[in-house]
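# Topology and contacts: notes
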Amino acid sequence: MKFPRTHSLKEIAALIDAGFVGSEDFPVQGMNEIHVVEPGDIVFVDHPKYYDKALQCAATVVLINKEVKCPEGKALLISDDPFRDFNKLSKHFRPFKPASEAISSSAVIGKNTVIQPNVFIGNNVVIGDDCIIHSNVSIYDNTIIGDRVCIHAGTVLGGDGFYYKNRPAGFDKLLSGGRVVIEDDVELGAMCSVDKGVTGDTTIKSGSKLDNQVQVGHDTVIGRKCLIASQCGIAGCVVLEDEVTLWGQVGITSAVTIGAKAVLLGQSGVSKSLEGGQTYFGSPAEPAREKMKQLAAIKQMPAIVKTIR
């Protein structure tokens, strides 16, 4: 998430009542999660295990719970609870604005786009030309939709990311201040859920088609011309490269990459990144031919045990 203007380190520190290391006028331009940070961004870290990763990433401001040696060209914000203060910044720069109408007056809707009854369109949504938005679709604030997009009934774009910190009193939610971006010629089936990014964008690129009841987690990027069958669950921060096919009920864990033109057969479970251009099956997913051989061997086990006995 980029701020409307560049702020000084001192200004940001004052917003969250934090100490800082670095020049008062050190420029701060936005905030992001570690996998999408750029120079000028704030990233937060609250566990020693991840200090080095945060300090060495592209972000130039690190919100951290211990004063450590600051890398050259960077600045620190010192907080007793970086998770809490990251949420404070999200509330300040991307506050929730209650709706007062079904289709916000700030929404921009393109030529020849059809909006069916009972659709909700939030603040600052942009929808392109020649789209069809079917009944009972909910499009949350700041969503961007391209041209010739079809969204079927009951789909929700822009729900919060599933991201919590376990505290003694219960689960503390990391607020989502990102967006959903749907490019041209995408079709989303009925009852799909596409969560917005925590600070960045959840993106579905041009030409991709999603069947009914598909879940797409926060900050995930689905490439061009992907085909995703019903009841697939894609966790946050996943990258599907171009022309990936997921058949029904495939599950993908967070922060993995599926290479271009890979095919995942039905009910496969993905626990690590997979190379493109291959067909996979099983849980954990492996090359399909090898997995089928394993299953065939397992079927022979009763006969083998009987022979041994």
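Look up a bit, the structure's there.
Residues numbered from 1 in each chain as written. Predicted model: local features only at pLDDT ≥ 70, side-chain atom pairs only at ≥ 80, totals over all residues. Heavy atoms only, no water.

As a further point, take the packing of aromatic side chains. All chains considered together, the criterion is met by five aromatic pairs. Where Phe 44 meets Phe 86, the ring centres are 4.9 Å apart and the plane angle is 45°; that geometry is what we call tilted. Of the two residues, Phe 44 is situated in strand S4 (residues 41-45) and Phe 86 in helix H3 (residues 82-93); the sequence distance between them amounts to 42 residues. For the pair Phe 44 and Phe 86, a shared accessibility class is recorded, and that class is buried. (Phe/Tyr/Trp six-rings, centres within 6.5 Å; stacked < 30°, edge-to-face > 60°. Helix = DSSP H or I, 4+ residues; strand = E, 2+ residues; numbered from the N terminus. Buried < 20%, exposed > 50% of the residue type's maximum accessible area, 1.4 Å probe, protein only.)

Further remarks concern the pairing of strand S6 (residues 75-78). Each regular strand displays side chains that alternate between the two surfaces of the sheet. Across three bridges, the pairing between strand S2 (residues 19-21) and S6 is antiparallel. For Phe 20, the partnering residue across the bridge sits in S6 and is Leu 77. Sheet topology places strand S5 (residues 61-64) next to S6; four bridges connect them, and they run parallel. Note that in S6 the partner of Val 61 across the bridge is Ala 75. (Pairing = 2+ DSSP bridges.)

The subject of this paragraph is the pattern of salt bridges. Under the counting rule described, the total for this entry stands at 16 salt bridges. With a shortest N-O distance of 3.1 Å, Lys 165 and Asp 46 are connected by a salt bridge. Separated by 119 residues along the polypeptide, Lys 165 in strand S16 (residues 164-167) and Asp 46 in the loop between S4 and helix H2 (51-56) bring together distant segments of the chain. With its nearest N and O atoms 3.6 Å apart, the salt bridge here joins Asp 160 to Lys 196. One end of the pair, Asp 160, is in the loop between strand S15 (156-159) and S16; the other, Lys 196, is in the loop between strand S20 (193-195) and strand S21 (201-204), with 36 residues separating them in the sequence. One salt-bridge network, held together by shared partners, links Asp 80, Arg 84, Asp 85 and Lys 88. (Salt bridge = Lys/Arg side-chain N within 4 Å of Asp/Glu carboxyl O.)

Everything listed here is a matter of geometry and, on its own, says nothing about what the molecule does.
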